[in-house]
Amino acid sequence: LVLSLAWLGPALGAEDKDEEVVEEEEKEKKEDEVLSDEIKEENNVLVLHEHNFARALSEHQLLLVEFYAPWCGHCQQLAPAFAQAATELRNESSPARLGKVDATAQTALASEFGITSYPTLKLFRDGNRTHPLAYTGRMDSQGIVRWMQRRAGPSATLLQDTDTAAAFVSSQGLVVVGFFKDLRGEAAQAFFEVAAEMVDTTFGVAEAAELFQVYGLSADTVCLFKKFDERQTNFPVDPARGLDTAELTRLLRVHSLQLVMEFTNETSNQIFGAKIPHHMLLFLNKSSTEQLSLRDGFRAAAGGFRGEVLFVVVDVTGHGADVLPFFGMTAADAPTLRLVKMENNRKYQMEQDNFSDSAIRTFIQAVLDGKVKPRLLSAEPPEDWDTRPVKVLVGKTFEQVAFDETKNVFVKFYAPWCPHCQAMAAAWEELAERYKDREDIVIAEMDSTANELENITIHGFPTLHFFPAGPGRKMVEYKSTRDVETFSKFLDNGGTLPVEPPVTKTPGNSTSKEDPSVRGTDESRDEL
């Protein structure tokens, strides 16, 4: 055994030396690869850097590039979908390809294209490096594929005669056809732009005079054909103003929805994506025949508010059960009606539920006219709410505590499920311990999923507001680092932070954020 070990010793030593040599050779090989313009691929995604980027642009007519950071959670979540989309596009021999750039390593490219958040996706067309197009589609494989397909081919199918038009219109539950006397005109070009963006809708286009006649048209018009509600909805092009892409997109999204939607897992994205400012909700138990009959009056009221109010039926025993706590309701409260203002989540309830169409119309109009006060949620205050270092506020007690003119009150508005709130909980408790003997400072918190305030709207979690002592009902939002020392500086300085020397930032450093468009807010706050 000793002889064997004596024999293995030099061999093991030599192996260590060889590993060092191999590591050095691998390092040199990687450096050579980076300096080369050769384009490597990972799961059909082009791996790009400053030395092969120009080549990639010259070789690919349509190139969607993801600028990412290896540590970015959203980038990691996107990676499988991005690779799947790249594979699908390649398998169908599309001229569209997908590529990726590690923006933390390729700082020159990150600086050139103004990358400040991750992931950022940009489309490069025909080798044009100076005017890439921002990606506006969904962050899933199907959304990416459809978005790229619309840009790889015509965004609308040309309908040349009555037979092809009739087949196209009946081919799906919903299609859009633009009728234009000049397909090269400005109105038609604006229509093609809308078609390129609305990738979940099928678009056709026609200019034949016989098709204008068949569909009862005399001038340029965009028509929405549906197999529900109104079968054909016309949007004439204003001869003076032309076709406004934003307005047409809005109209198509609004009228693509059923007059009365049912809230399900499949329809929730449509309901919230339509961006209709008010939602009128009928909560009912679908197992009750009597409650189901209430839908008739609800539907009768809906027509006059299309585009302003979206009517939604919510089954309290089905998918809708999950949203009941948001309204402070249980299934036993059905049937009942609520109107929600989407900009601030204010909820309105009839004093007495009346399900006739006239009563519903009257109630909605009163809310729109500002004649009805919102119904605000409030939990009951815990018995020991003011005995702990962190005071527990609810809707009923908020005013008397936050606007006490003798106190400086620092409030954390949170959601129990929010991971960012959970992460800062210990710091908030430590802060309260530090100031618990100060008579003029109150550290408090409020669960904003169970409590609402009339004049303060919370859009994301956690949100921190400081209410300084003195008259005037002042409020200051805290937006800096969430740690005990910075909180203390803020409090000791009367609700502002002392001016710090400026920090020089360089491209690619760790100050960049994950993309707010993925989650709707900054990387350390969850949106409502």
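Taking an unreviewed UniProt entry as the reference, the chain is identified by name as protein disulfide-isomerase belonging to Dryoscopus gambensis. Under the Sequence similarities (unreviewed entry) heading, UniProt states for the chain: "Belongs to the protein disulfide isomerase family." Heading Catalytic activity (unreviewed entry) of the UniProt record for the chain holds this comment: "Catalyzes the rearrangement of -S-S- bonds in proteins."

Peer 1: Would you mind going over the pairing of strand β3 (residues 62-68) with me for this structure?
Peer 2: Side-chain direction in a regular strand flips from residue to residue, so the side chains alternate between the two faces of the sheet. For β3, a buried count of 7 out of 7 residues is recorded, marking the element as mostly surrounded by other parts of the structure. The alternating pattern of β3 places Leu 62, Leu 64, Glu 66 and Tyr 68 and Leu 63, Val 65 and Phe 67 on opposite faces, both of which are buried. In the sheet, β3 pairs with strand β4 (residues 96-102) via 7 bridges, with the strands oriented parallel. Looking at the pairing, Val 65 lines up with Gly 99 of β4. Taken together, β3, helix α3 (residues 73-91) and β4 form a β-α-β motif whose crossover is right-handed. Alignment of β3 against strand β6 (residues 120-125), held across 6 bridges, turns out to be antiparallel. In the sheet register, Leu 63 faces β6, and the bridge partner there is Phe 124.

Peer 1: It is not clear to me how the side chain of Arg 97 should be interpreted in this structure. Could you clarify?
Peer 2: Its place among the elements puts Arg 97 in strand β4. Given a relative accessible area of 9%, Arg 97 falls into the buried group. A distance of 3.2 Å separates a polar side-chain atom of Arg 97 from the backbone oxygen of Asn 44. Beyond its immediate stretch of four places on either side in the chain, Arg 97 contacts Glu 41, Asn 44, Leu 46, His 60, Leu 62, Leu 63, Leu 64, Arg 90 and Met 148.

Peer 1: What is the right way to look at helix α13 (residues 357-368) in this model?
Peer 2: Working note: α-helix, 3.6 residues per turn, so residues spaced by three or four point in the same direction. In a regular helix each residue adds 1.5 Å, so 12 residues correspond to 16 Å; α13 covers 17 Å between its end C-alpha atoms and thus fits that length. Listed in full, the buried residues belonging to α13 are Ala 359, Ile 360, Phe 363, Ile 364, Ala 366 and Val 367. An end-on view of α13 places all buried positions within 160° of arc, on one side of the element. Check the buried side of α13 and you find it contacts β14 (278-284), α12 (295-302), β15 (309-315), β16 (336-341) and β17 (346-348).

Peer 1: Sorry, what's going on with the packing of aromatic side chains here?
Peer 2: The geometry of an aromatic ring pair is captured by the separation of the ring centres together with the interplanar angle, meaning the angle of the planes. Counted under the stated rule, the structure contains 31 aromatic pairs. Seen from their ring centres, Phe 67 and Phe 113 are 5.7 Å apart, and the 50° between their planes marks the pair as tilted. Within this pair, whereas Phe 67 is found in strand β3, its partner Phe 113 is found in the loop between α4 (107-112) and β5 (117-118), the two being separated by 46 residues in sequence. Comparing Phe 67 with Phe 113, the two get one shared label, buried. Measuring from ring centre to ring centre gives 5.5 Å for Phe 398 and Phe 467, while their planes differ by 80°; the resulting arrangement is edge-to-face.

Peer 1: Before we go on, may I ask you to explain the sheet that holds strand β12 (residues 232-236) in this structure?
Peer 2: Through backbone hydrogen bonds, the strands of a sheet pair up, either in parallel or in antiparallel fashion. In spatial order, the strands read β8-β10-β9-β11-β12; together these 5 strands make up an open sheet with mixed pairing. What marks the edges here is a single partner per strand, and that holds for β8 (157-158) and β12. With 6 bridges connecting them, strand β9 (residues 174-179) and strand β11 (residues 221-226) associate as antiparallel partners. The residue bridging Val 175 from the neighbouring strand is Phe 225, located in β11. The sheet contacts of helix α6 (residues 162-170) involve β8, β9, β10 (202-206) and β11, and relative to β9 the element is tilted by about 145°. Contacting β9, β10, β11 and β12, helix α9 (residues 245-256) runs over the sheet at an angle of about 20° to β11.

Peer 1: Explanation requested: the pattern of salt bridges in the structure shown.
Peer 2: For the structure shown, the criterion picks out 27 salt bridges. A salt bridge links Glu 41 to Arg 97, with the nearest nitrogen and oxygen atoms 3.4 Å apart. Of the two residues, Glu 41 is situated in strand β1 (residues 40-42) and Arg 97 in strand β4; the sequence distance between them amounts to 56 residues. Given a relative accessible area of 37%, Glu 41 falls into the partly exposed group. The partner of Glu 452 in a salt bridge is Lys 347, with the nearest N and O atoms 2.0 Å apart. With Glu 452 in the loop between β20 (441-447) and β21 (460-461) and Lys 347 in strand β17, this pair connects stretches of sequence that are 105 residues apart. Like Glu 452, the residue Lys 347 is buried in the burial classification. Through salt bridges with shared partners, a single network forms among Arg 138, Asp 140, Arg 146 and Asp 200.

What counts as what
- Along each chain, residue indices are assigned from 1 in the same order as the chain's sequence is written.
- With pLDDT at 70 or above as the cut-off, local features in this predicted model cover only qualifying residues; side-chain atom pairs require 80 or more to be listed or tallied, and sums for whole chains, interfaces and linings still use all residues.
- Side-chain measures were taken over the full set of non-hydrogen atoms in the model, leaving aside hydrogen atoms and water.
- UniProt positions are given in the numbering used here, feature names are shortened, and annotations may be inferred rather than shown by experiment.
- The rule is simple: take the accessible area with a 1.4 Å probe, protein chains only, and divide by the maximum for that residue type; under 20% is buried, over 50% is exposed, in between is partly exposed.
- Helix and strand labels come from DSSP, where a helix needs a run of H or I of at least four residues and a strand needs a run of E of at least two; each type is numbered from the N terminus.
- What makes two strands pair is DSSP finding at least two bridges between them.
- A crossover counts as right-handed when, viewed with the strands pointing away from the observer, the path leading from the first strand over the helix to the second turns clockwise.
- Between N or O atoms, a polar contact is any pair within 3.5 Å; within protein, one atom must be a potential hydrogen donor and the other a potential acceptor, and residues adjacent in sequence are included only when both atoms are from side chains.
- The contact definition used throughout considers only heavy atoms, calling two residues in contact when any of these lie within 4.5 Å.
- Under the convention used throughout, the expected extent of a helix is 1.5 Å for every residue step, that is, one less than its residue count.
- Working definition: the arc comes from the directions between the helix axis and the C-beta atoms, pointing outward to the latter.
- Two aromatic rings, drawn from Phe, Tyr or Trp (for Trp, its six-membered ring), form a pair once their centres lie within 6.5 Å of each other, and the interplanar angle then sorts them: stacked below 30 degrees, edge-to-face above 60, tilted otherwise.
- Only the stretch in contact is used when a helix axis is fitted, and all axes are lines through C-alpha atoms; the angle between N-to-C directions ranges over 0 to 180 degrees.
- Any Lys or Arg side-chain nitrogen located within 4 Å of an Asp or Glu carboxyl oxygen qualifies as a salt bridge.

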